[in-house]
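Now for the letters of each chain:
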Amino acid sequence: MEIKLTASYVLTDQHSKSSLKMPVLVNLRTNEAYNPSDLLEAYPSWGNTQARDVVKRMVNGKAFSDQEKYFIERFTGKVFS
């Protein structure tokens, strides 16, 4: 599965860094992949943040299917109520 979060980032299990079909956050510009606890600076104003928290910010206020929500929460932990 692949979910486009922003113009520059996707959450996917189709990257070589994804093991056992666990999602990773991928920067489309660099093809760099991040696991949930990896630190990255997605945008300068966000500073260095764990990838799980970056994804939480990116999905905030957006609509997703139940299947997409499940996939996102496999990466972030509980986000949707």
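Above this text you will find the structure in question.
Quick summary incoming for the structure in this document.

Rules behind the numbers
Residues numbered from 1 in each chain as written. Predicted model: local features only at pLDDT ≥ 70, side-chain atom pairs only at ≥ 80, totals over all residues. Heavy atoms only, no water. Helix = DSSP H or I, 4+ residues; strand = E, 2+ residues; numbered from the N terminus. Salt bridge = Lys/Arg side-chain N within 4 Å of Asp/Glu carboxyl O. Buried < 20%, exposed > 50% of the residue type's maximum accessible area, 1.4 Å probe, protein only.

Observations regarding unusual backbone geometry
A positive phi angle is found at lysine 21, which is not glycine, with a value near 65°. Relative to the assigned elements, lysine 21 resides in the loop between strand S2 (9-12) and strand S3 (24-27).

Some details on the pattern of salt bridges
Counted according to the given criterion, the structure contains 2 salt bridges. Its salt-bridge partner being aspartate 38, residue lysine 17 comes within 3.2 Å of it at the nearest N-O pair. Of this pair, lysine 17 sits in the loop between S2 and S3 while aspartate 38 is found in the loop between strand S4 (33-34) and strand S5 (39-40), placing the two residues 21 residues apart along the sequence. Note on aspartate 38: relative accessible area 23%, which makes it partly exposed. In this structure, aspartate 53 engages lysine 56 in a salt bridge whose closest nitrogen and oxygen atoms are separated by 3.9 Å. Here aspartate 53 and its partner lysine 56 are both found in helix H1 (residues 51-59), 3 residues apart, which amounts to about one turn of the helix. Taking the relative accessible area as the measure of exposure, aspartate 53 reaches 30% and is therefore partly exposed.

The values reported here are purely geometric and, on their own, carry no functional implication.
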